[in-house]
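Chain by chain, the residues run as shown.
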Amino acid sequence: MSFSAAEFPPPLSLIAIFAIIIVYMLICYLVLDLIDQQQGDPNDETSRMDAARGSGLSVEELQEISCFYLKGQANYSTCAICLDGLVDAELCRSFPACNHMFHAQCIDPWLAKKPTCPTCRTPFSPRFSFLK
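Residues numbered from 1 in each chain as written. Predicted model: local features only at pLDDT ≥ 70, side-chain atom pairs only at ≥ 80, totals over all residues. Heavy atoms only, no water.

Notes on the UniProt feature "transmembrane region" (unreviewed entry) in the protein
Consideration 1: Sites flagged by UniProt as "transmembrane region" (unreviewed entry) map to residues 12–32.
Consideration 2: Secondary structure over residues 12–32 splits into 100% helix and 0% strand, and the C-alpha atoms at its two ends are 31 Å apart. (UniProt positions renumbered as here; feature names shortened; annotations may be inferred. Helix = DSSP H or I, 4+ residues; strand = E, 2+ residues; numbered from the N terminus.)

Rendered as structure tokens:
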């Protein structure tokens, strides 16, 4: 007793359709997972530090970054966050690892979210001061 494709009983053809759908969904999942793994480099130091921290800097770490008023350095640099020039008598911060300067009111919210320099993506590394 042999069956042709047109003579399959209805329950067997439904099982075959469901099996095809499940295999298709499994293949799609595997392909998307492979694409996601290729886009995120787990060896990247910045992504590892972000994952370890979970978010940006704490209040204590933020206070370790030097805060100063510019004097005699009009139009010395541009804040990479707001794209405005740094002018005399503005409160600024200098990122410790790379010494890029930003407006304090611009860099503080950035560092609360991401512990990297907005200009060069250098990760934050606190300076240890032995002269406290």
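Additional details are given in the paragraphs that follow.
Structural notes on the sheet that holds strand 1 (residues 67–69)
Consideration 1: Spatially, the three strands line up as an open sheet ordered 1-2-3, and their pairing is antiparallel. This sheet does not close on itself; its edge strands, each paired only once, are strand 1 and strand 3 (101–103). The sheet shows a mean angle of 40° between the axes of neighbouring strands, taken without regard to direction. (Pairing = 2+ DSSP bridges. Axes fitted to C-alpha atoms, helices over the stretch in contact; angles between N-to-C directions.)

A closer look at the nonpolar core
Consideration 1: Membership of the largest hydrophobic core comes to 15 residues, with the highest contact counts inside it found for Leu57, Ile65, Leu86, Phe95, Phe102 and Leu111.
Consideration 2: Breaking this core down by element, the ones donating at least two residues are strand 3 and helix 4 (104–113).
Consideration 3: Broken down by element, this core gets its largest block of residues, three residues, from helix 4.
Consideration 4: Leave out the neighbours within four places in its chain, and leucine 111 touches Gly56, Leu57, Leu62, Ile65, Phe95 and Thr116. (Core = buried A, V, L, I, M, F, W, Y, C linked by side-chain atoms within 4.5 Å. Buried < 20%, exposed > 50% of the residue type's maximum accessible area, 1.4 Å probe, protein only. Contact = heavy atoms within 4.5 Å.)

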